[in-house]
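Read off the chains here:
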Amino acid sequence: MVRVLYDDVLRIDPSNPRDPNRDRAILSKGHGCLALYALLADRGFFPLSELDGFCGSDSILGGHPEYGMVPGVEASTGALGHGLSIGVGLALAARMRERSYRTFVLLGDGEINEGSVWEAAMGAAKHGLDNLVAMIDYNKLQSYGPTDYVLPLEPLADKWRSFGFAVQEVNGHDVGALRTVLKQVPAVAGKPTAIICHTVKGKGLPAAESNADWHHKNKLTDSELDAIRVAVGDF
Amino acid sequence: MRNTAMNMVHKLAARDERVLYIGSDPGAGTLRAMSKEFPKRHLIEGISEAHIIGMSAGLAMEGFVPYVNTIATFLTRRCYEQVAVDLCLHNLPVRLIANGGGLVYAPLGPTHQAIEDIAIMRALPNMTVICPCDADEAARMMEQTLDWKGPIYIRLGKGGDAIVSKAEHGFEIGKAILMRSSGDVLMVTTGIMLQRALAAADLLAAQGIRAGILHMHTVKPLDTAALLQAIRGTRLLVTLEEHVPSGGLGSAVAEALIDKLGSGLPAMLRLSLPDRFMHNYGSQDSLLKKHGLSASAIATSIEHALAASHTPSPQLHST
């Protein structure tokens with residue numbers, strides 16, 4: 001999702017990261033920052049060598065992305081349920097300033113347990129912000145376990161629809177399909193768009209796929225590291 | 001005070017296109033004139049404070065100066081994480097206009113009584129905390145908010161508070177106002193405790209006790225220099241606040257003195273609300289009186305504190 005968004009969709013220029021007409025993107029699920037850092041480095045917002053310092057004491061790259069620290073990061077996230085409201089503000093500002101930029105907010109499925117997300121959704125719909133896109137990484141797994149167990153989200157598409165969004169559903173691993181959907185926003189003029197991206201957590205790494213125990217894993221065995229190398233080598 | 005602050009938002013909006021008013025679900029007709037003159041900059045966003053703070057952050061990132069307005073408890077307790085992360089961490093120029101600071105909503109009970117708001121707001125890095133004493137000062141204060149860097153929490157009183165501030169004192173964020181020169185006692189006040197301090201000082205004067213008053217309208221950043229200057233030669237330092245004893249003006253003053261003076265601290269009396277939720281209703285005035293914050297009770301507390309102090313006048317220096 002982050003790859004397609006940053007490589008194929010966002011109108012951004014690393015040489016002019018504060019361009020007032022750039023598209024805005026907020027990784028509201030800030031814990032997914034590794035993917036963001038890799039893309040920002042690849043796009044040239046900062047040197048690739050910064051990636052080696054991830055979470056180091058003097059690194060610009062922390063365990064959650066910080067505005068002002070990381071070029072290309074629009075908002076500090078990490079506390080869940082904040083990004084969509086900030087996105088509403090950015091999108092409303094675009095309308096008031098008569099600017100053409102779009103605002104994309106990437107949310108986790110567990111994150112949308114937060115009531116503030118639904119407050120923001122009502123606000124976005126009230127203002128008819130069709131320059132705002134909420135992308136939901138729907139991998140059906142949150143920290144403790146399945147979203148269906150922790151706090152069921154279904155019928156998720158109907159929820160967003162009933163909150164006033166135009167809803168698209170897509171296989172979040174299908175790059176072509178994701179690109180097509182993202183390039184067609186707004187899905188409906190006058191409405192904010194929600195794109196529910198069906199994904200598999202840890203996709204491509206058999207030990208991690210849909211495995212809640214892998215979620216906060218930070219110590220890897222040699223055999224797990226070997227498995228990651230094999231999996232990455234397949235890409 | 002509230003009407004004045006609201007009208008100032010309209011006035012500032014007329015002068016500066018960055019100014020927005022964002023209310024949750026305020027009283028009918030709030031800033032109606034502004035809503036007619038600047039409908040796109042008068043936003044009513046529903047009872048969704050967490051969202052409103054985040055949305056204000058987004059607008060401020062794009063150069064707007066949002067004035068967010070609702071009842072103090074909902075602007076602090078309800079959306080504390082949004083205030084901390086979205087506003088303070090990003091250091092954005094959003095102004096939180098808190099209706100009913102302290103016990104203004106006394107009859108509505110503890111859910112509406114903002115008795116710890118100063119503490120929790122001043123704990124946040126980058127936050128500025130201002131408590132004007134009357135409508136005139138609120139107007140002067142609002143003039144200063146337009147270009148202040150970073151978020152501001154503005155604790156408003158009830159309205160109709162006696163006008164005691166003076167135009168010649170001016171207003172500068174972070175600069176305390178010496179309302180009466182120091183004497184045996186120095187009272188440090190914020191918000192509407194100034195009126196009570198002035199009355200208490202008159203009562204004390206009748207007893208032959210000279211009491212100075214330093215009005216600390218800005219609790220953060222605290223004007224430590226003015227404080228150190230004002231306590232010179234005093235026997236007793238008294239802080240007055242419509243707030244729990246933890247983390248408010250009294251705490252801020254004590255922290256500043258410890259940091260600056262270390263040893264040789266002045267005798268200090270912190271007069272505040274008790275460390276508990278109020279289960280009484282009535283009025284702001286009646287609850288303040290009940291908790292020893294009427295002018296006469298303040299004067300009596302000070303007299304007792306002076307009488308209990310058998311130590312010679314401490315040598316206070318602002319070194």
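On a predicted model such as this, the values are computed, not experimentally measured, just so you know.

A. Here's a closer look at the overall build of chain A. Within chain A, the secondary structure is distributed over 8 helices and 5 strands. Beginning at the N terminus, the succession of helices and strands in chain A can be written as α-β-α-α-β-α-β-α-α-β-α-β-α. The globule rule puts the C-alpha radius of gyration for 235 residues at 18 Å, and the 17 Å found for chain A is close to it. Along the three orthogonal principal directions, the C-alpha set of chain A runs to about 55 × 45 × 30 Å. Within the span of chain A, comprising 235 residues, buried residues form 48% of the whole. Put simply, 70% of the contacts in chain A that link residues at least 6 apart link residues at least 24 apart. Averaging the coordinates of the 23 positive side-chain charges in chain A and doing the same for the 29 negative ones gives two points 7 Å apart.

B. Representation of the packing of helix α3 (residues 49–61) of chain B against helix α5 (residues 80–89) of chain B. All names here are of chain B. Interhelical geometry of α3 versus α5 gives an angle of 5° and a closest axis separation of 9 Å. If you check the angle between α3 and α5, you find them roughly parallel. Across from Ala50, Ile53, Gly54 and Ala57 in α3, the residues of α5 making contact are Gln82, Val83, Asp86 and Leu87. For the contact of α3 with α5, the residue count by class is 5 nonpolar, 2 polar and 1 charged.

C. A look at the interface of chain A and chain B. Taken together, the contacts link 27 residues of chain A with 26 residues of chain B. Here chain A packs against chain B, burying approximately 2,000 Å² in sum over the two surfaces, 59% of which is carbon and sulfur. In terms of surface lost to chain B, no three residues of chain A exceed His82, Met96 and Arg97 of chain A, which account for 28% of the buried area on that side. Summed over the shared surface of chain A and chain B, the result is 3 salt bridges. With a closest N to O distance of 3.2 Å, Glu17 of chain B and Arg97 of chain A form a salt bridge. For the pair chain A and chain B, the number of links is 11 residue pairs in polar contact (both at pLDDT 80 or more). Going through the elements one at a time, α3 (83–97) and α4 (115–126) of chain A are the ones with two or more residues in the side of chain A that touches chain B. With 9 residues, the top contributor of residues to the side of chain A that touches chain B is α3 of chain A.

D. Main features of the nonpolar core. Within the largest apolar cluster, 81 residues are counted, with the highest numbers of intra-cluster contacts made by Ile136 and Trp160 of chain A together with Val83, Leu96 and Leu227 of chain B. Per-element accounting of this core gives the leading share, 8 residues, to α3 of chain A. Other than its neighbours up to four places away in sequence, Leu227 of chain B contacts Val188, Leu214, Met216, Leu222, Leu237, Val253, Ala256 and Leu257 of chain B. If you look at the next biggest cluster of nonpolar residues, it comprises 61 residues, including Leu146, Leu271, Leu288 and Ala295 of chain B.

E. Spotlight on the domain arrangement of chain B. All names here are of chain B. Each assigned domain of chain B is listed with its residue range as follows: domain 1 (2–155) and domain 2 (172–308). The C-alpha centroid of domain 2 is placed 26 Å from the C-alpha centroid of domain 1. Opposite the 33 residues of domain 1 that make contact, domain 2 presents 34 residues. Between domain 1 and domain 2, roughly 2,500 Å² of surface is buried when both sides are summed, and carbon and sulfur atoms account for 62% of that area.

F. Looking closely at α3 of chain A. In a regular helix each residue adds 1.5 Å, so 15 residues correspond to 21 Å; α3 of chain A covers 21 Å between its end C-alpha atoms and thus fits that length. When we look at burial in α3 of chain A, the residues that qualify are Gly83, Leu84, Ser85, Ile86, Gly87, Val88, Gly89, Leu90, Ala91, Leu92, Ala93 and Ala94 of chain A.

G. Main features of the packing of aromatic side chains. Residue and element names in this part refer to chain A. The tally for this structure, following the rule as stated, stands at 5 aromatic pairs over all chains. Between Trp118 and Trp160 the ring centres are 4.6 Å apart and the planes differ by 40°, which places this aromatic pair in the tilted class. Here Trp160 lies in helix α6 (residues 156–162) and Trp118 lies in helix α4, a separation of 42 residues in the sequence. For the pair shown, Trp118 and Trp160 are each scored as buried. Cluster of aromatic residues (ring-pair linked, three or more members): Trp118, Trp160, Phe163 and Phe165. Positioned over the ring face of Tyr101 is Arg24, at 3.6 Å from the centre of the ring.

H. Representation of the sheet that holds strand β5 (residues 193–198) of chain A within the structure. Residue and element names in this part refer to chain A. On the basis of which strands lie adjacent, the open sheet formed by 5 strands has the order β1-β2-β3-β5-β4 and parallel pairing. The two strands at the open ends of the sheet, each matched to only one other strand, are β1 (24–27) and β4 (166–171). The mean inter-strand angle of the sheet, taken between neighbouring strand axes irrespective of direction, is 20°. Pairing analysis gives 6 bridges linking strand β3 (residues 132–138) to β5, with the strands arranged parallel. For Asp137, the partnering residue across the bridge sits in β5 and is Cys197. Contacts from helix α1 (residues 2–9) reach β1, β2 (103–108) and β3, with the element oriented near 170° to β2.

I. Quick look at α1 of chain A. Residues and elements named next belong to chain A. For α1, the buried fraction is high: 6 of the 8 residues fall into the buried class. Within the sequence span of α1, burial applies to Val2, Val4, Leu5, Tyr6, Asp8 and Val9. Where α1 is buried, its residues contact β1, α2 (33–43), β2, β3 and α7 (175–183).

J. Up close: the environment of Pro151 of chain B. All names here are of chain B. Looking at the secondary structure, you find Pro151 in the loop between α7 (135–145) and β6 (152–155). For the pair formed by Pro151 and Lys166, sequence separation is 15 residues and the distance between their alpha carbons is 26 Å. If sequence neighbours within four positions are ignored, Pro151 has contacts with Leu87, Cys88, Asn91, Leu92, Pro93, Val94, Arg95, Asn126, Met127 and Thr128.

K. Region of interest: unusual backbone geometry. All names here are of chain A. Looking along the chain, the bond that leaves Glu154 and enters Pro155 is cis, with omega of 0°. Looking at the element boundaries, Pro155 is found in the loop between α5 (147–150) and α6. Cis peptide bonds are those with omega within 30 degrees of zero, and the linkage from Val185 to Pro186 qualifies with 0°. Position of Pro186 among the secondary structure elements: in the loop between α7 and β5. If you check the backbone angles, Cys55 has positive phi at about 70° while not being a glycine. With respect to the helices and strands, Cys55 occurs in the loop between α2 and α3.

Cut-offs used in this document
- Residues numbered from 1 in each chain as written.
- Chains lettered and ligands numbered in written order.
- Predicted model: local features only at pLDDT ≥ 70, side-chain atom pairs only at ≥ 80, totals over all residues.
- Heavy atoms only, no water.
- Helix = DSSP H or I, 4+ residues; strand = E, 2+ residues; numbered from the N terminus.
- Rg over C-alpha atoms; globule rule 2.2 N^0.38 Å.
- Buried < 20%, exposed > 50% of the residue type's maximum accessible area, 1.4 Å probe, protein only.
- Contact = heavy atoms within 4.5 Å.
- Lys, Arg positive; Asp, Glu negative; His and termini not counted.
- Charge placed at Lys NZ, Arg CZ, Asp CG, Glu CD.
- Axes fitted to C-alpha atoms, helices over the stretch in contact; angles between N-to-C directions.
- Parallel < 35°, antiparallel > 145°, perpendicular 65-115°, else oblique.
- Nonpolar A, V, L, I, M, F, W, Y, C, P; charged D, E, K, R; others polar.
- Buried area = accessible area lost by both parts, 1.4 Å probe.
- Salt bridge = Lys/Arg side-chain N within 4 Å of Asp/Glu carboxyl O.
- Polar contact = N/O pair within 3.5 Å; in protein donor to acceptor, adjacent residues only side chain to side chain.
- Core = buried A, V, L, I, M, F, W, Y, C linked by side-chain atoms within 4.5 Å.
- Domains from an automatic or database assignment.
- Expected span 1.5 Å × (residues − 1).
- Phe/Tyr/Trp six-rings, centres within 6.5 Å; stacked < 30°, edge-to-face > 60°.
- Lys NZ or Arg CZ within 6 Å of the ring centre and 35° of its normal.
- Pairing = 2+ DSSP bridges.

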